[in-house]
Amino acid sequence: MPARPNSFRGSLSPRILAATPVDEPEVLAKRKKAQRNEEVRLFLLSFSAFFVAITSFIW
């Protein structure tokens, strides 16, 4: 199913559309990798905080 064009974007002038940056695949891949790294970092941080909290309650 083809995507319908956005009506707001269609109402913009060509001058504004030319100033809108279009992300290249390399930029998108880097951004996705950075987001994945951030998710892993937050998971490890929350896991260690949970581990410290539980072990402190046990001791």
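Because the structure is predicted, anything quoted here is derived from the model rather than measured. Throughout, residues of each chain are indexed from 1 in the direction in which the sequence is written. Since the coordinates come from a predicted model, pLDDT governs what is reported: local features require at least 70, and pairs of side-chain atoms require 80 or more to be given and counted, while whole-chain, interface and lining totals use all residues. Remark: hydrogens and water are excluded; side-chain values derive from all non-hydrogen atoms of the structure.

## Re the overall build of the protein chain
For helices the rule is a DSSP run of H or I covering at least 4 residues; for strands it is a run of E covering at least 2, with both sets numbered from the N terminus onward. Helices and strands together make up the secondary structure of the protein chain, namely three helices and zero strands. Only the protein chains shown count as cover for residues, and the accessible areas themselves come from Shrake-Rupley with a 1.4 Å probe. On the protein chain, roughly 6100 Å² of surface is accessible, and the fraction owed to carbon and sulfur atoms is 68%.

## Considering a nonpolar patch on the surface
A surface patch of nonpolar side chains, amounting to about 640 Å² of accessible area, comprises V40, F43, L44, F47, F51 and V52. Among the secondary structure elements, F47 is positioned in helix 3 (residues 25-58). Without a salt bridge and with relative accessible area above 30%, a residue can belong to a patch; like charges are then joined within 9 Å and nonpolar side chains (Val, Leu, Ile, Met, Phe, Trp, Tyr) within 5 Å. For this analysis, a salt bridge means a side-chain nitrogen from Lys or Arg found within 4 Å of a carboxyl oxygen belonging to Asp or Glu.

## A few points about the pattern of salt bridges
Evaluation of the coordinates by the stated rule reveals one salt bridge. Between E38 and R41 there is a salt bridge, with its nearest N and O atoms 3.0 Å apart. Residue E38 and its partner R41 are both found in helix 3; the two are separated by three residues, about one turn of the helix. Assessed through its relative accessible area of 36%, E38 is described here as partly exposed. Only protein chains enter the accessibility calculation, which uses a 1.4 Å probe. A residue is then buried if its area is under 20% of the maximum for its type, exposed if over 50%, and partly exposed in between. For R41, a relative accessible area of 47% translates into the label partly exposed.

## Regarding the confidence of the model for the protein chain
Each residue carries a pLDDT value, the predictor's own confidence for that position, ranging from 0 to 100. Model confidence for the protein chain is summarised by a mean pLDDT of 85, while 88% of its residues fall at 70 or above. Model confidence for the protein chain, summarised as mean pLDDT per element, is weakest for helix 2 (residues 14-19) at 76 and strongest for helix 3 at 92.

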